[in-house]
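# Working through the structure, step by step
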Amino acid sequence: MPKGWLPLFPALLFWLSASCHGGSGSSAKVLLAADDHPLEYPTTQGLVAMNRYLTEKSGGRLSLDIFADSVLGEEKVTIEQTQLGILDINRVNVSPVAQISPELGVLVLPYLFRDQAHMRRVLDGEIGEELLGSLGRYNLVGLCFYDSGARNFYNRVRPILKPADLVGLKIRVQESAIMVGMVKALGGSPTPMAFGEVYSSLATGVIDGAENNWPSYEYTGHYQVAGYYSLDEHSRVPEIVLMSRRTWARLSPEERALIKEAARASVPAQRKLWSALEEKARRDVEANGARVNAIPDRRPFEEAMRPLYDQVLTDPKLRALVERIRAVP
Ligand code: GTR
């Protein structure tokens, strides 16, 4: 099915007639929500948990209509739609959001977080709140962050043990300049591409590899066509739930508070599903023949990517943000 604007029209008609799209005149407000993963994936299930909370606490006056599986478009498109108020709620990865928000770009930097616990402490604390709040100037409201694990390189050609192993490989990256810079810094050839195009590009040899966490590697079937998965854990770019500032402006203070509360309440549910799936996905892809290799020494990766920090952190405020993140115990 083609993805992008076209399939949006039936949804738009439905949403206009059924819900008045959060308009002040309607008694029941149904907010249009998107995710690029299937309904059963932890991020989409996070939205499901959010909807359950909203529906229950509002007595059915406020709810989400969730469109999974990128039916409303790939992330780059849906982020624009959210800024415009065509989409109300959008769960995306932070990498493409970094294209519009330099502050969020900091979270994309390789080897920024020490581990998952560190990432959660940063995002659950005042830095996370500040970052969510910083999106207003881009016509977005940040509602909450979700887990996304560590991203690793995978490809069809050879195991990656050191940066030089990436030389000559065409690696798909998210549509994000920082991700492009990251692969370049390691010596690979970055190819930015929408998520939905990666499987066929791997299968036909248009690209040699990509990078992602365990669950995405499994759910997309990429392990079937790019069986070398190398545990370099170069980044932990979180997922984020965004809301359109235009929709937000049309809601009452009580409704806004309830949405914020529902988003927060969905985080533990998403994390629980995430942790369980991370382990299962690893077992499944290995059982299905993926060749996984550890990287005994990740320092050469970290060192090769250090110049990227200078390229991205041109503003002293961003530099200070990195220092604050690193200082979180
Ligand atoms: C996944 C993320 C998706 C998408 C994808 C990608 O980890 O959950 O939303 O950003 O990566 O690589 O495009």
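Just so we're clear, the structure is a prediction, and the values are computed from it rather than from any experiment. (Residues numbered from 1 in each chain as written. Predicted model: local features only at pLDDT ≥ 70, side-chain atom pairs only at ≥ 80, totals over all residues. Heavy atoms only, no water.)

### Overview of the sheet that holds strand β4 (residues 140–146)
This is how the line gets drawn: Two strands make a pair as long as DSSP finds a minimum of two bridges between them. Helix numbering and strand numbering both begin at the N terminus, where a helix is a DSSP run of H or I of at least 4 residues and a strand a DSSP run of E of at least 2. Whenever a helix is involved, its axis is fitted only over the stretch in contact; in every case the axis is a line through C-alpha atoms, and angles between N-to-C directions fall within 0 to 180 degrees. In what follows, residue pairs with any heavy atoms lying within 4.5 Å of each other are defined as contacts.
One open sheet accounts for five strands, arranged β2-β1-β3-β10-β4; its pairing is mixed. The two strands at the open ends of the sheet, each matched to only one other strand, are β2 (62–67) and β4. Sheet twist, expressed as the mean angle between neighbouring strand axes with direction ignored, is 25°. Sheet topology note: the strand β3 (residues 89–93)/strand β10 (residues 239–244) ladder contains five bridges and is antiparallel. Paired with Asn93 across the two strands is Glu239, which belongs to β10. The strands touched by helix α7 (residues 126–133) within the sheet are β4 and β10, with β4 carrying the most contacts at an inclination of about 145°.

### Side note on empty space enclosed by the protein
In plain terms, the rule: A pocket, in this scheme, is an open set of points on a 1 Å grid over the protein atoms alone with protein on both sides within 12 Å along at least 5 of 7 lines, while a cavity is a set where a 1.4 Å probe fits but cannot get out; residues line either one if an atom lies within 4 Å of a point. Grid points are joined across faces, edges and corners, and a volume is the space filled by probe spheres set on the points. Gly falls in the polar group here, along with every residue not listed as nonpolar (Ala, Val, Leu, Ile, Met, Phe, Trp, Tyr, Cys, Pro) or charged (Asp, Glu, Lys, Arg). How far each domain reaches was decided by an automatic or database domain assignment.
All chains considered together, the criterion is met by two cavities of 30 Å³ or more. Considering only enclosed or pocket space, the largest cavity measures out at about 190 Å³ in volume. Forming the walls of the largest cavity are 20 residues, and the residues nearest its centre are Asp36, Glu75, Asn93, Gln174 and Phe195. At the level of secondary structure, the elements contributing two or more residues to the lining of the largest cavity comprise α3 (75–84) and β3. Of the residues that constitute the lining of the largest cavity, the class distribution is four nonpolar, seven polar and nine charged. Both of domain 1 (3–148 + 237–269) and domain 2 (151–236 + 279–327) provide at least three residues apiece to the lining of the largest cavity. In this structure, the second largest cavity spans a volume of roughly 50 Å³. Ala34, Asp35, Asp36, Gly73 and Thr78 are the residues nearest the centre of the second largest cavity, which is lined by 13 residues in total. Contributions of two or more residues to the lining of the second largest cavity are made by β1 (29–35), α3 and β3. Per-element tally for the lining of the second largest cavity: the top contributor is β3, with three residues. Of the residues in the lining of the second largest cavity, the class split is five nonpolar, four polar and four charged.

### Description of the domain arrangement of the protein chain
Just so we agree on the cut-off: Once two parts are put together, the accessible area they lose, assessed with a 1.4 Å probe and summed over both, is termed the buried area. By definition, a salt bridge exists where a carboxyl oxygen of Asp or Glu is found within 4 Å of a side-chain nitrogen of Lys or Arg. Polar contacts, as counted here, are pairs of nitrogen or oxygen atoms within 3.5 Å of one another; within protein the pair requires one atom able to donate a hydrogen and one able to accept it, and residues that are adjacent in sequence qualify only if both atoms are side-chain atoms.
Per the domain assignment, the segments making up the protein chain are domain 1 (3–148 + 237–269) and domain 2 (151–236 + 279–327). A straight line from the C-alpha centre of domain 1 to that of domain 2 covers 25 Å. Facing the 36 residues of domain 1 at the interface are 34 residues of domain 2. Three residues stand out in domain 1 for area buried against domain 2, namely Leu109, Pro110 and Tyr111, and they jointly supply 26% of the buried area on that side. Run the count over domain 1 and domain 2 and you get two salt bridges. The shortest N-O distance in the salt bridge between Arg324 and Glu130 comes to 2.9 Å. Between domain 1 and domain 2 we count 15 residue pairs in polar contact (both at pLDDT 80 or more) in total. Broken down by secondary-structure element, the contributors of at least two residues to the side of domain 1 that touches domain 2 are α4 (94–97), α5 (102–105), α6 (116–124) and α7. Classifying every residue of the side of domain 1 that touches domain 2 by side-chain character gives 19 nonpolar, eight polar and nine charged.

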